[in-house]
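# Overview (structure and organization)
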Amino acid sequence: MEERELVQRVLRGEEKAAQDLVAAYRDYMYKTCANVLGYRDPDAEDMVQEAFMIAFKKLPEFEFRAPLKSWLAQICAYLCYRNIRKRNRMILTLDEDLENLAQKAARALTERKNSDEERQEKLDFLDGCLRKISEDCRRILEMRGKEEQSYAAIGKTLKIPMGTVMSRIARCKEALKVLVLRTSKEEMP
């Protein structure tokens, strides 16, 4: 069947003619898409379907200056190149997103490292202050703070009532607080 006759039948709305047109050019259009996008590209089939949708819509404007096959191939090529540009934009966007995530992760790691270092400095300062208070206070605060012993366990170890443990811890904490404040003022420029 001649191309002009097939196109005229499609334009008249004959369903069979539309099916014949698809059957006649589908493989050729798929090969065109595969050549542009690459062998086995998953988007090639989608490009063929989209090209047919555009072709049926624009078919009344087709003037037969070139073969129908060439016109359909041109539509396929246009859609494929548009798809490639879209992919490239997507890849650039993903690259930017990955770069931003990497920068954020690096900043977070640096901040964490700085905060860990700062925390360690504070702990070292506090340990230095603990060494300056009385042995009894240091021992009871270490048992409660570092060793995380209960009041009852501390009382049993030191052989003192639990109420005495609580009052000593409160007094020792206050003494440590005063020492920390005094020492930090002395060390500041």
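Residues numbered from 1 in each chain as written. Predicted model: local features only at pLDDT ≥ 70, side-chain atom pairs only at ≥ 80, totals over all residues. Heavy atoms only, no water.

## What about the state of the cysteines?
Covalent bonding between the sulfur atoms of two cysteines defines a disulfide. Overall, the coordinates contain 1 disulfide when judged by the stated rule. Cys 137 shares a disulfide with Cys 172; S-S distance 2.2 Å. Residues Cys 137 and Cys 172 are joined by a disulfide whose S-S torsion is about -75°; by sign, that bridge is left-handed. Residue Cys 137 is located in helix 5 (residues 135–145), and its partner Cys 172 is located in helix 7 (residues 162–187); the two are separated by 35 residues in the primary sequence. The class of Cys 172 is buried, set by a relative accessible area of 5%. Just so you know, Cys 33 is unpaired, no disulfide at all, and the nearest cysteine sulfur is the one on Cys 80, 3.5 Å from it. In this structure Cys 33 comes out as buried when scored by relative accessible area, which is 0%. Taking the relative accessible area as the measure of exposure, Cys 80 reaches 0% and is therefore buried. (Disulfide = S-S within 2.5 Å. Helix = DSSP H or I, 4+ residues; strand = E, 2+ residues; numbered from the N terminus. Buried < 20%, exposed > 50% of the residue type's maximum accessible area, 1.4 Å probe, protein only.)

## Focus on the nonpolar core
Nonpolar side chains in soluble globular proteins generally cluster together in the buried interior. With 25 residues, the main nonpolar core has Tyr 25, Met 29, Leu 68 and Trp 71 as its most contacted residues. For this core, the elements supplying multiple residues, two or more each, are helix 1 (3–11), helix 2 (15–37), helix 3 (44–58) and helix 4 (68–132). What Tyr 25 contacts, discounting residues up to four positions off in sequence, is Glu 3, Leu 6, Phe 52, Leu 68, Lys 69 and Leu 72. Cys 129, Ile 133, Ile 140 and Ile 154 belong to the second largest nonpolar core, which has 14 residues in total. (Core = buried A, V, L, I, M, F, W, Y, C linked by side-chain atoms within 4.5 Å. Contact = heavy atoms within 4.5 Å.)

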